[in-house]
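Understanding the architecture of this molecule
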Amino acid sequence: MGELNAVNKQLETQVVFISTLSREVNLINREIKETENKIIALENDLKNLKQEYANMVYTSSKLNQGITVMTFIFSSSTFKQFYMRLKYLKQYSDARKKQVEQIEKVNADLLSQNHKLQDKKQEKQVVLQQEQVQKKKLDELKQEQQGIVNTLAQKEQELKKEIAASKKQQEELNKLITRVIEEEIRLAEAEARKKNSKATTTPPGSKMPMTPEAAALSSSFAGNRGRIPWPVANGFISKRYGTYPHPTLKGITETNDGIDIQTNSNEQVRAVFDGVVTKITTVPGMGGTVIIKHGEYYTMYSRLKTISVKSGQEVKARASIGTVYTDTKNGVSEVHFQTWKGLQVMDPSIWLSKK
């Protein structure tokens, strides 16, 4: 199942990557079309400019037949006519120069656009080749996925036993954290009844009296919903929160009161928020387990190979609390993570920051 979850995640990533490449090809195609339209427009402009310049030269040559420029100027009958003829010749000369400059500019733009078009076509070929390679990898992953599914289908009874064992482990975890939270509430209530006690703050909807510091921590945790760091630096959610159909067994459902995060071997498991370690224990089938209190919120970390904190110790966000356990059968490293508000279990994925 761990291998299947890993392959499913690879498939999901591969599909997203291929989709990104397809969008990139579509974008390049649009850019190629725009460039081709620009080239057509520039070619038309260049054609018109050359025609206008040719007409200018032709007209000038016709007008100059039988008369020189100097004769044209000095045959003026008045000084004003002399000045106007000089001005006309200068304007005509400037117009021809500008026409030449415009032709050169359009030629340069046309050359630039042609280079850009060739670059875009080459870029498109590179992306198309990448897309083909990734599609081949996708097909290989699908074959690998189908092979694992076929193998699992042949082990139906074994899988059902594993599901039953997992359910029992989940119940043991829930009993453990429920007992811890109930004891915390009982102690907080007893403290609140003492004379001159500081534990007098009870936030709306909470059953736990808290000190102002604990209430502030609780409020801070709640305010960071969707921004809390992951309990491991690298990994993906291999089993989500809630109840859902088993991926290979028909009519069988699985329930998870937390999330399972598949990660690297010997990966450091980290506290997701400032808090106090309230419980360290070992649960059969779930390995080392650490519960951290954040005001009225609690986080639980299971399947730890080693634990590097002590009960009652204050920890900061991202501080290491141990290392992840690796299954010796299939080499899968996975940490189980839960979030609770008082005695209410919550979906941890809504608290974690987006990867």
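Refer to the structure above for everything that follows.
I will try to describe carefully the structure that is included in this document. (Residues numbered from 1 in each chain as written. Predicted model: local features only at pLDDT ≥ 70, side-chain atom pairs only at ≥ 80, totals over all residues. Heavy atoms only, no water.)

**Some thoughts on the overall build of the chain**
Counting its secondary structure elements, the chain contains five helices and 12 strands. Sorting the 355 residues of the chain into buried and exposed places 36% on the buried side. The long-range share in the chain, meaning contacts at least 24 apart out of those at least 6 apart in sequence, stands at 69%. For the chain, the computed accessible surface area is about 21,300 Å², with 52% contributed by carbon and sulfur atoms. (Helix = DSSP H or I, 4+ residues; strand = E, 2+ residues; numbered from the N terminus. Buried < 20%, exposed > 50% of the residue type's maximum accessible area, 1.4 Å probe, protein only. Contact = heavy atoms within 4.5 Å. Areas by Shrake-Rupley, 256 points an atom, 1.4 Å probe, with all protein chains shown as cover.)

**A closer look at the environment of Val-7**
Relative to the helices and strands, Val-7 is located in helix 1 (residues 2-63). For Val-7, a relative accessible area of 2% translates into the label buried. Discounting residues that sit within four places of it in the chain, Val-7 has contacts with Leu-141, Glu-144, Gln-145 and Ile-148.

**A few points about the side chain of Arg-270**
Its location among the elements puts Arg-270 in strand 5 (residues 268-270). Within the buried set, Arg-270 has no salt-bridge partner at all; the shortest N-O distance to an opposite charge, 6.8 Å, is to Glu-267. Within the structure, the side chain of Arg-270 is placed 2.9 Å from the backbone oxygen of Trp-230, a separation counted as a polar contact. (Lys, Arg positive; Asp, Glu negative; His and termini not counted. Salt bridge = Lys/Arg side-chain N within 4 Å of Asp/Glu carboxyl O. Polar contact = N/O pair within 3.5 Å; in protein donor to acceptor, adjacent residues only side chain to side chain.)

**Some remarks on the pairing of strand 6 (residues 275-283)**
Both strand 6 and strand 9 (residues 314-315) contribute to a ladder of two bridges, which runs antiparallel. Looking at the pairing, Val-276 lines up with Glu-314 of strand 9. For strand 6 and strand 7 (residues 287-294), the ladder comprises seven bridges, and the chain directions are antiparallel. Looking at strand 7, one finds that Val-277 is bridged to Ile-292. (Pairing = 2+ DSSP bridges.)

**Examining the pairing of strand 11 (residues 333-341)**
Counting buried positions along strand 11 yields eight of nine residues, so the element is predominantly enclosed. By the bridge criterion, five bridges tie strand 4 (residues 259-263) to strand 11 in an arrangement that is antiparallel. Residue pairing for strand 11: Thr-263 is matched across the bridge by Ser-333. When strand 8 (residues 297-307) meets strand 11, the two strands line up antiparallel, connected through six bridges. Residue pairing in the sheet places Met-300 in a bridge with Gln-338 of strand 11. Alignment of strand 11 against strand 12 (residues 344-346), held across three bridges, turns out to be antiparallel. Looking at strand 12, one finds that Trp-340 is bridged to Val-345. Between the end of strand 11 and the start of strand 12, which pair antiparallel, lie two residues, with Gly-342 showing a positive phi angle near 60 degrees.

**A look at a nonpolar patch on the surface**
Together, Phe-79, Tyr-83 and Met-84 give the surface a local cluster of nonpolar side chains, amounting to about 380 Å² of exposed area. Looking at the secondary structure, you find Tyr-83 in helix 3 (residues 79-153). A relative accessible area of 46% places Tyr-83 in the partly exposed class. (Patch = residues over 30% accessible without salt bridge, like charges linked within 9 Å, V, L, I, M, F, W, Y side chains within 5 Å.)

**Side note on the layout of surface pockets**
Looking at the second largest pocket, its volume works out to about 530 Å³. Looking at the second largest pocket, it is lined by 22 residues, and the ones nearest its centre are Glu-12, Ile-237, Ser-238, Lys-239 and Arg-240. Put simply, the parts of the chain that give the lining of the second largest pocket at least two residues each are helix 1, strand 1 (236-239) and strand 2 (242-245). Looking at the lining of the second largest pocket residue by residue, the classes come out as eight nonpolar, seven polar and seven charged. (1 Å grid on protein atoms, 1.4 Å probe; cavity = no way out; pocket = protein on both sides within 12 Å on 5 of 7 lines; lining within 4 Å. Points joined across faces, edges and corners; volume = space filled by probe spheres on them. Nonpolar A, V, L, I, M, F, W, Y, C, P; charged D, E, K, R; others polar.)

**Some thoughts on the nonpolar core**
By size, the foremost hydrophobic cluster in this structure holds 25 residues, and its most contacted members are Ile-228, Val-269, Val-290, Ile-292, Tyr-301, Ile-321 and Val-335. Of all the secondary-structure elements, those providing two or more residues to this core are strand 4, strand 7, strand 8, strand 10 (320-324) and strand 11. Top element by residues in this core is strand 8. It accounts for three residues. Residues contacting Ile-321, with those up to four places away along its chain left out, are Val-269, Arg-270, Ala-271, Val-290, Ile-292, Tyr-301, Thr-306, Ile-307, Ser-308 and Val-309. Listed in part, the 15 residues of the second largest apolar core include Ile-181, Ala-188, Val-283 and Met-300. (Core = buried A, V, L, I, M, F, W, Y, C linked by side-chain atoms within 4.5 Å.)

**Regarding the pattern of salt bridges**
Counted by the stated rule, this structure contains nine salt bridges. Among the salt bridges present, the one from Lys-293 reaches Glu-184, with a minimum N-O distance of 3.0 Å. Residue Lys-293 is located in strand 7, and its partner Glu-184 is located in helix 4 (residues 156-193); the two are separated by 109 residues in the primary sequence. Glu-184 carries the same exposure label as Lys-293, and that label is buried. Of the charged contacts, one joins Lys-316 and Asp-274 as a salt bridge, the two residues approaching to 3.9 Å between their closest N and O atoms. With Lys-316 in the loop between strand 9 and strand 10 and Asp-274 in the loop between strand 5 and strand 6, this residue pair connects regions lying 42 residues apart in the sequence. We classify Lys-316 as exposed; its relative accessible area is 57%. Overall, Asp-274 belongs to the partly exposed group, its relative accessible area being 28%.

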